[in-house]
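Coordinate analysis (summary)
Letter by letter, the chains look like this.
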Amino acid sequence: MLYFLATIAVATFSFLHAGGIPNSDDLLREVSVIDLLGGQSWFDPYQYRLGVDGGTVMHWSRLVDAPIAIIYWLAEKVTGSSAVSFEVAKIVWPSITLLFAILGIGIACRKLGRDDMQGPSVIIAAIAFLTIGVFGYGSLDHHNIQVAFSIWLFALLIPSENNAYSYGWAGLICVLMLAIGMETLPYVTIAGLYVAICFALGTVAPTAARAFGLSLGISSLAVLFVTVAPTAYWAVYCDAYSSFHVVMCCVCGFGLAAAAHFGKIKRSRLTGLAALTVIASALLIGLFSTCLADPLSTLDPKLRQFWLEGVIETRSIFDLWSADPFALFGIYGMACFGLGASIFLALTEKHALRAFAVLSIAMLVVAIGVTAWQQRAMIFSAAFAILPLSYILSQVRSQYQKSKALPDLLKMIGFGILSLNMTWWVAGANAASFFSKSPTLHEQIATANPADYCYGADTYRELAKEPAGVVLGATDIGASVLLYTHHRTLAGPYHRNTQGNLLMIETMLATPDEAQVKIRSAKVTHIADCLTSADAQDFKKAAPDGLQASLHQGEVPSWLEIVEATRSSPLVLYRVRPAL
């Protein structure tokens, strides 16, 4: 009941305070679900209305589309309205994944043998989930289920009496995490290494290691057959579930199971795992070496300058330090405090609890490291900090309940406050207000009016009335064009759409005459110019004589005509005149 109440409280608060700029991924997920319900093949990964002619092959998983589509279908059966059905899905899907995550926290408490930990853990988790924002109204992207899965993975790997059962489920969850999105690859890797090393040291039973390995291998094959078209079984993609992940999961999983089966003594366990390491490393380097490189290293310089560098969630710790330093409190505070708590547990606890602390340290170190590379990983670092902080808080609370001493009360209150993610975000906001007299970028985004940045169905009403065509516009509005109109859009904030994004950038930087050639070649029918987009500002600075700058100066080329330009919207819509 406690978990259900926490879920209802967080979901209700998120719904009542829904606002800010929508996430483009949430909007495109809605488009993907609509296409699936409209008859697009389960195995067809293309978004045909994104990018140049022919569309863009996406790296997203149908494993997330499916439950959202089911929610939508059931809601439509009850309400008879497609519009209402998606509003239902925008509430139900985040709520389901939130409940799943909180139940994972409860499982962890039970496995640790600390029922008194459940209250503190639910409070810490609920506030953490509120602040990371992936369980809020309209969160249809895959980050919420990934956070929930990561918590379950952590919980299932905590040592207990029935490790084989838990570790078998952990292997399945590892594969599901990989199939849904590659951002969880570091944590899946840590989970595998943790099981293998603990088995080698004798702290994980052979039955548990064998269950994890078999589950990992069998699940990887099953998910391949369920989500990938037969014609693509041997294709290699580093950013989407493919033969790369299946081969590595099978080799490592079945190899671990074999080592666990034949490794009766420590020397044979070490020999088997050493051989497995050599084989897996040789396969990784020999067949899949491209997946060891930075996935964005080959990005065109223009795409890096005018798109990637402006994506907030990909900022490194150095970018954050120079542009928005006070956000460091919120992004790293809870995770670092949780890491300190985990190290304390590792130094003071024994046996199973020490193994729990070591697992916590490993997950947090990797999550904090990934966050330092790209701040989007903060959702995982905060999630992994929940359990060690909850464990120590329950210990401190028990100590106070026994002693009733003021120092113990102050210790409990202080530790409890520092365990809350909101504390660190509020500290950063107050520091920003005091030292820089301006809110952090996170606050600005959360309080921004979506209509001021060309989000919302009303903004695209006139464009939706136009005959189906091709729209040239900023990357940020690409998902909105797809969702609210029937047009194809050249640009969108997705790394696989390199051709469409690059064409948009080069067109906006080109002189009007040069731009006309590119536009007619790409069969562009409309230009949707969001006056407040970050793209527009960057293009004007980089090319004062370019098409973007000319449009903002009121110098509309003769081959364009204005369809809509009102004071109530920052979106100016142009129609490309037919060639003479």
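Located above this text is the structure these notes cover.
Thresholds applied
- Residues numbered from 1 in each chain as written.
- Predicted model: local features only at pLDDT ≥ 70, side-chain atom pairs only at ≥ 80, totals over all residues.
- Heavy atoms only, no water.
- Helix = DSSP H or I, 4+ residues; strand = E, 2+ residues; numbered from the N terminus.
- Buried < 20%, exposed > 50% of the residue type's maximum accessible area, 1.4 Å probe, protein only.
- Contact = heavy atoms within 4.5 Å.
- Areas by Shrake-Rupley, 256 points an atom, 1.4 Å probe, with all protein chains shown as cover.
- Lys, Arg positive; Asp, Glu negative; His and termini not counted.
- Charge placed at Lys NZ, Arg CZ, Asp CG, Glu CD.
- Patch = residues over 30% accessible without salt bridge, like charges linked within 9 Å, V, L, I, M, F, W, Y side chains within 5 Å.
- Salt bridge = Lys/Arg side-chain N within 4 Å of Asp/Glu carboxyl O.
- Core = buried A, V, L, I, M, F, W, Y, C linked by side-chain atoms within 4.5 Å.
- Pairing = 2+ DSSP bridges.
- Expected span 1.5 Å × (residues − 1).
- Disulfide = S-S within 2.5 Å.
- 1 Å grid on protein atoms, 1.4 Å probe; cavity = no way out; pocket = protein on both sides within 12 Å on 5 of 7 lines; lining within 4 Å.
- Points joined across faces, edges and corners; volume = space filled by probe spheres on them.
- Nonpolar A, V, L, I, M, F, W, Y, C, P; charged D, E, K, R; others polar.

**Description of the overall build of the chain**
- Across its full length, the chain holds 25 helices and seven strands.
- The principal-axis extent of the C-alpha atoms belonging to the chain is close to 80 × 60 × 50 Å.
- Counting only residues that meet the buried cut, the chain has 53% of its 580 residues in that class.
- Restricting to contacts in the chain with at least 6 residues of sequence separation, those with at least 24 account for 70%.
- Accessible surface computed for the chain: about 25500 Å², of which carbon and sulfur atoms make up 65%.
- For the chain, the separation between the mean place of its 36 positive charges and that of its 39 negative charges on side chains is 11 Å.

**Some points on a nonpolar patch on the surface**
- A cluster of nonpolar side chains, Leu-214, Ile-218, Leu-221, Phe-225, Val-226 and Phe-254, forms an exposed patch at the surface whose accessible area comes to about 510 Å².
- Per element, the largest residue contribution to the nonpolar patch is five residues, and it comes from helix H9 (residues 206-227).
- Within the secondary structure, Leu-221 is located in helix H9.
- On the accessibility criterion, Leu-221 (31% relative accessible area) is partly exposed.

**Digging into the nonpolar core**
- Within the largest apolar cluster, 121 residues are counted, with the highest numbers of intra-cluster contacts made by Phe-129, Val-147, Leu-153, Leu-157, Tyr-241, Leu-256 and Met-334.
- Take this core: its biggest share by element is 15 residues, from helix H16 (residues 378-403).
- When neighbours within four sequence positions are excluded, Leu-153 is seen to be in contact with Ala-170, Ile-173, Cys-174, Met-177, Tyr-187, Ala-191 and Met-363.
- In this structure, Leu-299, Leu-472, Val-524 and Leu-547 belong to the second largest nonpolar core, which totals 30 residues.

**Describing unusual backbone geometry**
- In this structure, Cys-454 is a non-glycine residue whose phi angle is positive, near 65°.
- Look at Cys-454 and you get buried, because its relative accessible area is 0%.
- Although it is not a glycine, Lys-523 sits at a positive phi angle of roughly 60°.
- Mapping Lys-523 onto the fold places it in the loop between helix H23 (512-521) and strand S5 (526-530).

**Some remarks on the environment of Leu-273**
- In this structure, Leu-273 sits in helix H11 (residues 266-287).
- Looking at Leu-273, the relative accessible area reads 11%, which means it is buried.
- Apart from residues lying up to four places away in sequence, Leu-273 is in contact with Ala-196, Phe-199, Ala-200, Leu-256 and Ala-259.

**A look at the sheet that holds strand S4 (residues 488-489)**
- Ordered in space as S4-S3-S5-S7-S6, the five strands form an open sheet in which the pairing is mixed. The sheet is open, and its two borders are formed by S4 and strand S6 (560-564), each paired with just one other strand.
- The pairing of strand S3 (residues 470-473) with S4 spans two bridges and is classified as parallel. The residue bridging Val-471 from the neighbouring strand is Thr-489, located in S4.

**A look at helix H10 (residues 243-262)**
- The terminal C-alpha atoms of H10, which comprises 20 residues, lie 28 Å apart, in line with the 28 Å expected from a rise of 1.5 Å per residue.
- Here H10 has its buried residues at Ser-243, Phe-244, His-245, Val-246, Met-248, Cys-249, Cys-250, Gly-253, Leu-256, Ala-257, Ala-259 and Ala-260.
- Those residues of H10 that are buried lie in contact with helix H7 (163-180), helix H8 (185-201), H9 and H11.

**Some points on the environment of Ile-105**
- Turning to its location among the elements, Ile-105 is positioned in helix H4 (residues 82-111).
- Along the primary structure Ile-105 and Met-504 are separated by 399 residues, whereas in three dimensions their C-alpha atoms are 45 Å apart.
- Ile-105 has contacts with Ser-121, Ala-125, Ile-151, Ile-386 and Leu-387, leaving out every residue within four places of it along the chain.

**Thoughts on the side chain of Ser-85**
- Within the secondary structure, Ser-85 sits in helix H4.
- Apart from the residues lying within four places of it in its own chain, the contact partners of Ser-85 are Tyr-72, Ala-75, Glu-76 and Thr-79.

**Things to note about the state of the cysteines**
- Overall, the coordinates contain two disulfides when judged by the stated rule.
- Here Cys-238 pairs with Cys-291 through a disulfide, and the sulfurs are 2.0 Å apart. One quick way to see it: the torsion about the S-S bond of Cys-238 and Cys-291 is about -80°, and its sign makes the bridge left-handed. Here the residue Cys-238 occupies a position in the loop between H9 and H10, and Cys-291 occupies one in the loop between H11 and helix H12 (301-306), the gap between them amounting to 53 residues.
- Residue Cys-291 is classed as buried on the basis of its relative accessible area, which comes to 18%.

**Structural notes on the layout of surface pockets**
- If you add up the space inside the second largest pocket, you get close to 540 Å³.
- Taken together, 29 residues form the lining of the second largest pocket, with Phe-43, Pro-45, Met-58, Trp-60 and Thr-227 sitting closest to its centre.
- Of all the elements in the fold, those that place two or more residues in the lining of the second largest pocket are helix H2 (24-37), strand S1 (46-47) and helix H3 (62-79).
- If one sorts the elements of the lining of the second largest pocket by residue count, H2 sits on top with three residues.
- Split by residue class, the lining of the second largest pocket holds 16 nonpolar, eight polar and five charged.

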